[in-house]
Amino acid sequence: MKTQVFVPEHHSKHQPSEDLSDGTPPFPHPEIPQRIDAIVMALKALPDLEFLTESGLAKDEVRQLHDADYVDFLMAITAQLGSNAQYIPSIFHDDMSDAPLRFQGGMYCNEIGTPIGLGSIPAALNSAAAALSAARYIQQTHKDTIVLCRPPGHHAGRRRYGGYCFFNNAYLASKWLAQEGRCCPVLDIDYHLGDGSIEFAGPKTPYFSLHADPWKNYPYLDARAKADRPHTHLAILERDTGIAQYLEHLSLALEALTDYTPDFTVLSLGLDTLISDHIQDAPIKIAQEDFYDIGARIATAIKTPVLIVLEGGYDVSHLGTAMAQFWEGFRHSRLALQ
Ligand code: OKP
Ligand code: ZN
């Protein structure tokens, strides 16, 4: 039986042109449609994968995780955009509900690197729908599944977008899989701390993350302020961390995760830990072939079906190889254990 790969059909409608986070001049936006094309192309060269196109929009479902006024704002601002316009908030306060609509984004976002174009929210709703389809599939079949979410989701909080994310794909899936008393942790191995995901950690949906120091890297916040939360396990990867040290951190996270006796697991898979990914401010040393060992280690330690959800990864010329290496390591490890 083949492994299903869910691919959102509308992701390429989200085409942020530039990222203003580093000031002027802006740099070309790294979260581009070619990311998915590169990964799909590399996976198509591997055996036993079947690709399924997701065309739905999770308009109602995102409201189970995100606040209604937040979702309403994203829909309303989209309705006001022209075909080439991109919306970025300019003024930031906690409550701007009485401000004109075009300023209200400042209470739902705290950075300027995530422009909203006409197709951005449809793409994000499609990405969320793909995550939920994959969740339903894994629930029915108990088979490991891949979903190539774009835009990513782990920086999206209950009422906050940013860090290239709008809806939290991983936690939409995790919360759905954790229904009726089941347990579905999220293991996040994106380079960045999922400051959105952390908001959704709970006894049945604990959050485990390996990430670069979030004080020195996006989202540039004090990790200590986040560290003491229940059902949250955070490990910081120091600059220059190589694969041996990385795997030690990973094993500790996997042990803690296993202690929850999960029924399903969501893996927030970011490929931006790759050494050549320019998104890193405190670079670590994970090579393409190391993804094989990372995939193998995860498949060996986690006995539940795993829903692999794509998060970041911006080195388009090496993304495909990294993903293929990860999947080969994961798959071979599963086969060896059968
Ligand atoms: C999203 B994901 C650094 C700019 C960083 C935001 C990065 C968002 C990463 N020069 N801008 O976690 O991969
Ligand atoms: Zn990332």
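Here, the structure is the one placed above.
Quick caveat: nothing in here was measured; it's all calculated off a predicted structure.

What counts and how
- Residues numbered from 1 in each chain as written.
- Chains lettered and ligands numbered in written order.
- Predicted model: local features only at pLDDT ≥ 70, side-chain atom pairs only at ≥ 80, totals over all residues.
- Heavy atoms only, no water.
- Donors = N, O, S within 2.8 Å, 3.2 Å for Na, K, Ca; no water.
- Tetrahedral: all angles 85-135°; square planar, octahedral: opposite > 155°, others 65-115°.
- Helix = DSSP H or I, 4+ residues; strand = E, 2+ residues; numbered from the N terminus.
- Buried < 20%, exposed > 50% of the residue type's maximum accessible area, 1.4 Å probe, protein only.
- Pairing = 2+ DSSP bridges.
- Axes fitted to C-alpha atoms, helices over the stretch in contact; angles between N-to-C directions.
- Contact = heavy atoms within 4.5 Å.
- Salt bridge = Lys/Arg side-chain N within 4 Å of Asp/Glu carboxyl O.
- Phe/Tyr/Trp six-rings, centres within 6.5 Å; stacked < 30°, edge-to-face > 60°.
- Near = heavy atom within 4 Å.
- Polar contact = N/O pair within 3.5 Å; in protein donor to acceptor, adjacent residues only side chain to side chain.
- Areas by Shrake-Rupley, 256 points an atom, 1.4 Å probe, with all protein chains shown as cover.
- Nonpolar A, V, L, I, M, F, W, Y, C, P; charged D, E, K, R; others polar.
- Parallel < 35°, antiparallel > 145°, perpendicular 65-115°, else oblique.
- Left-handed = near helix turned anticlockwise from the far one by under 90°.
- Expected span 1.5 Å × (residues − 1).

To continue, consider the coordination of the zinc ion (ligand 2). Coordination sphere of the zinc ion (ligand 2), protein contribution only: Asp190 (OD), Asp190 (OD), His192 (ND1) and Asp272 (OD), at 1.9 to 2.8 Å. Around the zinc ion (ligand 2), the 6 donor atoms are arranged such that angles at the metal cover 53 to 156°; this shape is classified as irregular. Each donor residue of the zinc ion (ligand 2) belongs to the same chain, with the gaps between them written as D-x1-H-x79-D. Taken together, the positions of His192 in the loop between β6 (186–188) and β7 (207–212) and Asp272 in the loop between β9 (265–269) and α8 (290–301) put the pair 80 residues apart, joining distant regions of the chain. The pair formed by His192 and Asp272 is uniform in burial state, with each residue classed as buried.

A separate point is the sheet that holds strand β10 (residues 306–310). The 8 strands are arranged β4-β1-β5-β10-β9-β6-β7-β8 in an open sheet whose pairing can be described as parallel. Every interior strand has two partners, whereas the edge strands, β4 (49–54) and β8 (232–237), have only one. Each adjacent strand pair in this sheet contributes to an overall mean axis angle of 15°, direction not counted. Where β9 lies against β10, 5 bridges are found, and the strand directions are parallel. Bridge pairing in β10 links Thr265 to Val306. Taken strand by strand, helix α5 (residues 169–177) contacts β6, β7, β9 and β10, and its axis lies near 175° from that of β9. Lying over the sheet, helix α9 (residues 316–337) contacts β1 (3–8), β4, β5 (145–147), β9 and β10, oriented at roughly 175° with respect to β10.

Moving on, we come to the pattern of salt bridges. In total, this model carries 12 salt bridges according to the counting rule given. A salt bridge links Asp67 to Arg159, with the nearest nitrogen and oxygen atoms 2.8 Å apart. Taken together, the residues Asp67 in the loop between β4 and α2 (68–79) and Arg159 in the loop between β5 and α5 connect sequence positions 92 residues apart. The salt bridge partner of Arg331 is Glu328, with a shortest N-O separation of 3.0 Å. In this pair, Arg331 and Glu328 are both assigned in helix α9, 3 residues apart and thus about one turn of the helix distant. Of the residues examined, Arg331 reaches a relative accessible area of 16% and is grouped as buried. Judged by its relative accessible area of 16%, Glu328 is buried. Each of Glu31, Arg35 and Arg150 takes part in salt bridges that share partners, so that together they form one network.

Per the stated rule, a full pass over the model turns up 13 aromatic pairs. An angle of 80° between the planes, with centres 6.4 Å apart, marks the rings of Tyr70 and Phe167 as edge-to-face. You can see Tyr70 sitting in helix α2 and its partner Phe167 sitting in the loop between β5 and α5, a full 97 residues away along the chain. On the accessibility criterion, Tyr70 (0% relative accessible area) is buried. Exposure remark for Phe167: the relative accessible area of 1% places this residue in the buried category.

Neighbouring ligand 1 are 13 residues, the closest being His154, His155, His192, Asp272 and Tyr314. Between ligand 1 and Tyr164 there is a distance of 3.4 Å, counted from a nitrogen atom to a side-chain nitrogen or oxygen. A distance of 3.0 Å separates an oxygen atom of ligand 1 from a polar atom in the side chain of His192. Compared with its free state, where it exposes 410 Å², ligand 1 has 96% of that area covered by protein. The residue inventory of the shell around ligand 1, partitioned by class, reads 4 nonpolar, 6 polar and 3 charged.

Put simply, helix α7 (residues 243–258) and α8 touch, their axes get as near as 10 Å, and they point 20° apart. Between α7 and α8, the interaxial angle falls into the category roughly parallel. For α7 against α8, the interelement crossing comes out right-handed. For the pair α7 and α8, the contacting residues are Ile243, Tyr246, Leu247, Leu250, Ser251, Leu254 and Thr258 in the first and Asp290, Asp293, Ile294, Arg297, Ile298 and Ala301 in the second. Here the residues of the contact of α7 with α8 sort into 8 nonpolar, 2 polar and 3 charged.

What follows covers helix α4 (residues 120–141). If you check α4, its first and last C-alpha atoms are 31 Å apart, about what 22 residues at 1.5 Å a residue would give, namely 32 Å. Just beyond α4, the residue with positive phi is His142, at close to 55°.

With respect to the helices and strands, Arg160 occurs in the loop between β5 and α5. When its relative accessible area of 17% is taken as the criterion, Arg160 is described as buried. In this structure, Arg160 is in contact with Tyr70, Tyr108, Cys109, Asn110, His155, Asp195, Gly196 and Glu199, ignoring residues within four places of it in sequence.

You can see Thr78 is positioned in helix α2. For Thr78, a relative accessible area of 12% puts it in the buried group. A distance of 2.7 Å separates a polar atom in the side chain of Thr78 from the backbone oxygen of Leu74.

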